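A closer look at the structure
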Amino acid sequence: MSSPGDGDGKRLEGPPEGPKDFIRAIVERDLKAGAHRSVVTRFPPEPNGYLHIGHAKSICLNFGIAKEFGGRCHLRFDDTNPSKEEQEYVDSIQADVRWLGWDWGGHLYFASNYFQQLFEWALHLVRTGKAYVCDLPADEVRRYRGTLKEPGRESPFRNRSAEENLDLFLRMKAGEFADGSRTLRAKIDMAHPNLNMRDPVLYRILHAEHHRTGDAWCIYPMYDFAHGQSDAIEGITHSVCTLEFEDHRPLYEWFIENLPVPHKPRQYEFARLNLTYTVLSKRKLLELVNKGYVSAWDDPRMPTLAGLRRRGYTPEAIRAFCDRIGVAKSNSTVEVETLEGCLRADLNRTALRRMAVLHPLRVVVTNYPEGKAEELEVPNNPEDPAAGSRAVPFSRTLYIERDDFREDPPKKFFRLAPGREVRLRAAYFITCQEVVKDETTGEVLELRCTYDPETRGGSAPDGRSPKATLHWVSALHAVDAEVRLYDRLFTKANPDDYPEGEDYKANLNPSSLVVVPAAKLEPALAFVRPGDRVQFERLGYFCADPDSTQAHPVFNRTVTLRDTWAKIEAAQAKR
RNA sequence: UGGGGAGUCGCCAAGCGGUAAGGCACCGGUCUUUGGAACCGGCAUGCGGUGGUUCGAAUCCACCCUCCCCAGCCA
């Protein structure tokens, strides 16, 4: 617990250039006006699921503000509902926030740590006649609440004496009553146009084991009664939440005004993130996990931070994404391409280049000596000379990508075809002399090519330059690996756009995972460790999966490279 | 038809009375030993609509339209 503006957070660089979002503008204004010594924010997840990319937006906002303005940001678990919350989630949430690159210092809190204080504040409301014990069952409470257009009716228990309410509430706490039999409610206004103000429930009876407080309590505070007061206890200056809580702000303020809290925080709301081709509702993500549509919370197709991490996303890319999309109040759906763009920008700078052939087609270099092998020096990253180079073996029998050969090449197809010369990356120019096919099926089995010894390293003394450069792997030296080709989880930009009688799961992408059991990798790839990210030249960025072992390497496709040829081909197909 | 919000380029998003930033996407081009990257150029006489105020309006006023959220003892 601490007073606002202790300022023990990290002091780093100042605010970024360019226009500020409206929340940062408010913080800056308040600080300039001297309303606070320093800014204190908080990220308040409920430990009932894994964090996803939408949470990342909130995390980067809250921790980002604290960092930019020299304040601090608390990590607080909003654990007021023991029936849904688990320790596994509090662990994963901490791991994910850290992975994203943020640090809450010593400021780790739990709303459940405030249960005693909240209880005493409830007592205060009871004593001052502002709360009462209501015996109405849940469905009756609902009926008495009224509707959107009709006012509610007062509970028959609304005018109990403070003494009776005190007695009853104490007995609720003592465990004398069954779950759901009574609630403690605020006495506000059953005719209020804002339904949240129609005598909201403060406490409910729940004889449930809490992941932190065990069986110490059998009454638990509702979100509304816990959140603002927790902010007050921690000295939060700017309590930032999403738009759906806008309607709760009057209640938030009512508690702050009617309770002897040590500090008055203010709530601000911004639009939550929506992303195309995925879902970000905890209910749906939980269903995908529980019903086995994905393997787990960290399935690389999941928009969870754990999933993105396993997929190969970097924290830097996710933070850049959060900066790029901005913060505002209008509902918005960001195209997933924006996220992928941030990822490619980061990986392009940092990922080492390697060669891997996913769908091998054998090439025999007929004029290359049998039994000979040589090593070619290939740069690790053309974007970064400091990344150095590695040796790649070349020999008479190679694999190239099946997609890189066409017997009957269409217009603008620059790759290998009968009689055509192409460059093998960092190796030699080869010319296709002969196509060996299965006589019955017509399948291309092998290409017989010749190479030009003068082009070692990939350039010709006479200056000629093929239009295409192909990646390749020496058959003799190749390492086999499993490669998991991931694609978007849903086929529709908006998964909630589904046919009558179906649900969002009807839009699940049946090809979101395609396994290539035996891709051919250059030998350097045998030494990667789980989590290592590389670019398979011309194919995309890949990340070694935790399932990967020396004997059985496994790579996940993080994202493809931009593919201009695919675009051209698609356009040709249309015509 | 109660209350609370929002409408600026395909997608985000600045702008706060002085004549429409930026990013992503897209389209051209240059360059290239990744059809990658990089680089250059194009991309809203227009800001949900209609009136009004003003020398001047995306910004102010009025009315209207559309979309989102709220009737958990979830958060």
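As the structure is a computational prediction, the values presented were derived from the model and not from experiment.

A closer look at the protein's contact with RNA strand B
- With respect to spatial proximity, 65 residues lie near RNA strand B, and among them Lys149, Arg353, Lys412, Gly457 and Gln535 are the closest.
- Protein-proximal atoms of RNA strand B, defined as those within 4 Å of the protein, fall in sugar or phosphate at a share of 63%.
- Here a phosphate oxygen of RNA strand B sits 2.9 Å away from a polar atom, N or O, in the main chain of Tyr223.
- Of all the elements in the fold, those that place two or more residues in the surface near RNA strand B are helix H5 (138-145), strand E6 (201-205), helix H11 (315-325), strand E11 (332-334), helix H12 (336-350) and helix H13 (564-574).
- Looking at the surface near RNA strand B residue by residue, the class counts come to 24 nonpolar, 18 polar and 23 charged.

Quick word on the nonpolar core
- Of all hydrophobic cores here, the largest spans 39 residues; its most connected members are Ile53, Val97, Ile318 and Phe321.
- Contributions of two or more residues to this core are made by helix H2 (53-68), strand E2 (72-77), helix H3 (87-100), strand E10 (273-275), helix H10 (305-311), H11 and H12.
- Looking at this core, the element that brings in the most residues is H2, giving six residues.
- Once residues lying within four places of it in the same chain are set aside, the contact partners of Ile53 are Leu273, Leu275, Leu280, Pro303, Leu305, Leu308, Ile318 and Phe321.
- Listed in part, the 38 residues of the second largest apolar core include Leu118, Leu123, Ala226 and Phe255.

Points about the sheet that holds strand E4 (residues 131-134)
- The strand order across the open sheet formed by four strands is E4-E5-E6-E7, and the pairing between neighbours is antiparallel. The open sheet is flanked by E4 and strand E7 (219-221), the only strands paired with a single partner. Taking the axes of each pair of neighbouring strands and ignoring which way they run, one obtains an average angle of 20° across the sheet.
- Across three bridges, the pairing between E6 and E7 is antiparallel. The residue bridging Arg204 from the neighbouring strand is Tyr220, located in E7.

Some thoughts on the confidence of the model for chain A
- Overall, the predicted model of chain A reaches an average pLDDT of 95, with 97% of residues at or above 70.
- Per-residue pLDDT stays below 50 along residues 1-16; that stretch engages in 41 contacts with residues further than four places along the chain or on separate chains.
- Overall fold confidence (pTM) sits at 0.95, and the ipTM for the predicted complex is 0.97.

As for the pairing of strand E27 (residues 554-560)
- With six of its seven residues buried, E27 lies for the most part within the structure.
- Bridge count for strand E23 (residues 479-486) against E27 is three bridges, and the pairing is parallel. Bridge assignment links Glu482 to a residue of E27, and that residue is Val554.
- Of the strand pairs in this sheet, strand E26 (residues 540-544) and E27 are connected by five bridges, and their pairing is antiparallel. Directly across from Tyr541, in E27, lies its bridge partner Val559.

A look at helix H6 (residues 162-174)
- In this model H6 runs 18 Å from its N-terminal to its C-terminal C-alpha over 13 residues, within 8% of the 18 Å that 1.5 Å per residue would give.
- All of the buried residues in H6 are Asn165, Leu168, Phe169 and Met172. Along the axis of H6, the buried residues cluster in a sector spanning 100°; they form a single face. Away from its buried face by more than 90 degrees, H6 exposes Glu163 and Ala174.

Details of the side chain of Gln229
- Inspection of the secondary structure assignment puts Gln229 in helix H7 (residues 223-234).
- Residue classification places Gln229 among the buried residues on the basis of a relative accessible area of 0%.
- Setting aside anything within four residues of it in sequence, one finds Gln229 in contact with Leu118, Trp121, Asp224, Phe255, Leu259 and Val261.

Concerning the pattern of salt bridges
- The tally for this structure, following the rule as stated, stands at 52 salt bridges.
- As a salt-bridge pair, Arg24 and Glu68 come within 2.7 Å of each other at their nearest N and O atoms. Of this pair, Arg24 sits in helix H1 (residues 22-32) while Glu68 sits in helix H2, placing them 44 residues apart in sequence.
- The buried category is assigned to Arg24, whose relative accessible area is 11%.
- Taking relative accessible area as the criterion, Glu68 reaches 18% and is therefore assigned buried.
- Here Arg160 ties to Asp135 by a salt bridge, and the two come within 2.4 Å at their closest N and O atoms. Taken together, the positions of Arg160 in the loop between H5 and H6 and Asp135 in the loop between E4 and H5 put the pair 25 residues apart, joining distant regions of the chain.
- Accessibility expressed as a relative area gives 22% for Asp135, which makes it partly exposed.

With respect to the sheet that holds E26
- Overall, mixed pairing links the seven strands, which are arranged E12-E25-E26-E27-E23-E24-E13 in an open sheet. Each having just a single partner strand, strand E12 (352-354) and strand E13 (356-357) make up the two edges of the open sheet.
- Packed onto the sheet, H12 meets E12, strand E25 (533-536), E26 and E27 and runs at close to 120° relative to E27.

Observations regarding the environment of Gly129
- Counting through the fold element by element, Gly129 comes out in the loop between helix H4 (115-127) and E4.
- Through-space distance from the C-alpha of Gly129 to that of Ile188 is 10 Å; in sequence the pair is 59 residues apart.

What about the packing of aromatic side chains?
- Within the structure shown, the criterion is met by 23 aromatic pairs.
- A ring pair is formed by Tyr50 and Trp297, whose centres lie 5.1 Å apart and whose planes are at 15°; its orientation type is stacked. Highlighted residues: Tyr50 in the loop between strand E1 (40-43) and H2 and Trp297 in the loop between helix H9 (282-290) and H10, separated in sequence by 247 residues. Neither Tyr50 nor Trp297 differs from the other in exposure class; each is buried.
- Linked through ring pairs, Phe115, Phe119, Phe169, Tyr203, Trp217, Tyr220, Phe225, Trp254 and Phe255 together constitute an aromatic cluster.
- When the ring centre of Tyr504 is taken as reference, the NZ or CZ atom of Lys284 above it lies at 5.3 Å.
- Above the face of the Trp99 ring, Arg309 is positioned so that its terminal group lies 5.2 Å from the ring centre.

A closer look at the pairing of strand E19 (residues 429-437)
- Bridge count between strand E18 (residues 421-424) and E19: three bridges; the pairing is antiparallel. Each residue of the ladder has a partner; that of Val422, found in E19, is Ile430.
- Between E18 and E19, which follow one another and run antiparallel, lie four residues, and Ala426 among them has a positive phi close to 60°.
- Sheet topology note: the E19/strand E20 (residues 444-452) ladder contains eight bridges and is antiparallel. Looking across to E20, one finds that Glu434 is bridged to Arg448.

About the cut-offs
Residues numbered from 1 in each chain as written. Chains lettered and ligands numbered in written order. Predicted model: local features only at pLDDT ≥ 70, side-chain atom pairs only at ≥ 80, totals over all residues. Heavy atoms only, no water. Near = heavy atom within 4 Å. Polar contact = N/O pair within 3.5 Å; in protein donor to acceptor, adjacent residues only side chain to side chain. Helix = DSSP H or I, 4+ residues; strand = E, 2+ residues; numbered from the N terminus. Nonpolar A, V, L, I, M, F, W, Y, C, P; charged D, E, K, R; others polar. Core = buried A, V, L, I, M, F, W, Y, C linked by side-chain atoms within 4.5 Å. Buried < 20%, exposed > 50% of the residue type's maximum accessible area, 1.4 Å probe, protein only. Contact = heavy atoms within 4.5 Å. Pairing = 2+ DSSP bridges. Axes fitted to C-alpha atoms, helices over the stretch in contact; angles between N-to-C directions. pLDDT = per-residue confidence, 0-100. Expected span 1.5 Å × (residues − 1). Arc of directions from axis to C-beta. Salt bridge = Lys/Arg side-chain N within 4 Å of Asp/Glu carboxyl O. Phe/Tyr/Trp six-rings, centres within 6.5 Å; stacked < 30°, edge-to-face > 60°. Lys NZ or Arg CZ within 6 Å of the ring centre and 35° of its normal.

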